[in-house]
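# A closer look at the structure
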Amino acid sequence: MILLTGFDPFGGDSDNPSWRVAQALEGQRIGGHIVVAAQLPTVFGASLAELARLVRLHQPAIVLCLGQAGGRAAISIERIGINIDDARIPDNAGAQPVDAAVVPAGPAAYFSSLPVKAMLRAVKHAGVPCEVSQTAGTFVCNHVLYGLLHLLAQHSALALTRGGFVHVPWLPAQGTPHLALRDMVRGVYEGLWAAALTGPDIRIAAGATH
């Protein structure tokens, strides 16, 4: 199966498109896998504990975590998670870690084990704005991405599970730039098909100059 997660609203918002997208794709069959959606709390620590519980429960082939990135205009497929929590705002439990490790003594970073370039191509071919992102920030989204990849790297029972993270823009009611929910759903759907059907990633340019 495919474990697809989204977050609850945070930072004063009343909605979170990441959870709306995950809910919309619940039960879909993609590349022989069924999608199971779950919500993570926008809370340092608790989000990773819940994700680890879900991964151990479902033993998924693919884990894709979704998060909201206000200010981005496209679906952003994250390439890397870094071992740092540095919160500009408090999480939903009021915690605001500064310069703290996600995993003490863990590696500096992990690369996504999903085929990010193949996913990029698939989403763009569907007519949905998409980019490869070189940073997932330093808030709970990066916390979850790094923690997920560390979990997969540390447990041999999860050696065949691939994981990664995708940021989605605001919904139209949340501000500008934004993307319609139907476009986010279509983009993530096509990206998951690429993830399910692609072995080694393709090589296409998707870097950044700044």
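Scroll up for the structure.
Below or above, wherever it landed, is the structure these notes cover. Because the structure is predicted, anything quoted here is derived from the model rather than measured.

## Regarding the sheet that holds strand β3 (residues 33-40)
Read across the sheet, seven strands follow the order β2-β3-β1-β4-β9-β5-β8 without closing on themselves; strand pairing throughout is mixed. If you trace the sheet from one side to the other, it starts and ends with β2 (29-30) and β8 (130-133), each paired once. Pairing of strand β5 (residues 75-78) with β8 involves four bridges; the strand directions are parallel. What sits directly across from I77, in β8, is V132. Relative to β8, helix α3 (residues 116-125) is tilted by about 160°, and along the sheet it contacts β5, β8 and β9 (162-168).

## What to know about helix α1 (residues 17-25)
Taken together, the buried positions of α1 are P17, S18, W19, V21, A22 and L25. Of the surrounding secondary structure, the elements contacted by the buried residues of α1 are β1 (2-7), β3, β4 (62-68), β9 and α5 (181-197). G27 lies just past α1 and shows a positive phi near 85°.

## Some remarks on the environment of P17
Along the chain, the position of P17 falls in helix α1. On the accessibility criterion, P17 (0% relative accessible area) is buried. For the pair P17 and T176, spaced 159 residues apart in the sequence, the C-alpha separation amounts to 14 Å. If we skip the residues at most four places from it in the chain, P17 touches Q68, V168, P169, W170, L171, Q174 and M184.

## Regarding empty space enclosed by the protein
Scanning the entire structure with this criterion turns up one cavity of 30 Å³ or more. Considering the residues around the largest cavity, the lining is formed by L64, I75, I77, M119, V123, V166, G187, V188, G191 and L192. Elements supplying a minimum of two residues to the lining of the largest cavity: β5, α3 and α5. If one sorts the elements of the lining of the largest cavity by residue count, α5 sits on top with four residues. A per-class count over the lining of the largest cavity returns eight nonpolar, two polar and no charged.

## Details of the packing of α1 against α5
Running from N to C, α1 and α5 cross one another at 60°; their axes reach a closest spacing of 9 Å. Once α1 is placed against α5, the crossing between them reads as right-handed. Here P17, R20, V21, A24 and L25 of α1 lie close against α5, whose contacting residues are L181, M184, V185, V188, Y189 and L192. Along the lines of polarity and charge, the residues of the contact of α1 with α5 split into ten nonpolar, no polar and one charged.

## Describing the pairing of β5
Taking every second residue as pointing to the same face, both faces of β5 are buried, with I75 and I77 on one and S76 and E78 on the other. Where β5 meets β9, two bridges bridge the pair, whose relative direction is antiparallel. Residue S76 lies in a different strand from β9, and its bridge partner there is H167.

## A look at the packing of aromatic side chains
Inspection of the entire model under this criterion finds four aromatic pairs. With 5.1 Å between their ring centres and 50° between their planes, Y110 and Y146 make a pair best called tilted. One end of the pair, Y110, is in strand β7 (residues 109-111); the other, Y146, is in helix α4 (residues 140-154), and 36 residues separate them in sequence. Look at Y189 and W193: their rings are 6.5 Å apart centre to centre, the planes differ by 75°, and that puts the pair in the edge-to-face class. Of the two residues, Y189 and W193 both sit in helix α5, four residues apart, roughly one turn of that helix. The partly exposed category is assigned to Y189, whose relative accessible area is 25%. Here the aromatic cluster, defined as three or more aromatic residues joined through ring pairs, consists of F10, F44 and F139.

Conventions and cut-offs
- Residues numbered from 1 in each chain as written.
- Predicted model: local features only at pLDDT ≥ 70, side-chain atom pairs only at ≥ 80, totals over all residues.
- Heavy atoms only, no water.
- Pairing = 2+ DSSP bridges.
- Helix = DSSP H or I, 4+ residues; strand = E, 2+ residues; numbered from the N terminus.
- Contact = heavy atoms within 4.5 Å.
- Axes fitted to C-alpha atoms, helices over the stretch in contact; angles between N-to-C directions.
- Buried < 20%, exposed > 50% of the residue type's maximum accessible area, 1.4 Å probe, protein only.
- 1 Å grid on protein atoms, 1.4 Å probe; cavity = no way out; pocket = protein on both sides within 12 Å on 5 of 7 lines; lining within 4 Å.
- Points joined across faces, edges and corners; volume = space filled by probe spheres on them.
- Nonpolar A, V, L, I, M, F, W, Y, C, P; charged D, E, K, R; others polar.
- Left-handed = near helix turned anticlockwise from the far one by under 90°.
- Phe/Tyr/Trp six-rings, centres within 6.5 Å; stacked < 30°, edge-to-face > 60°.

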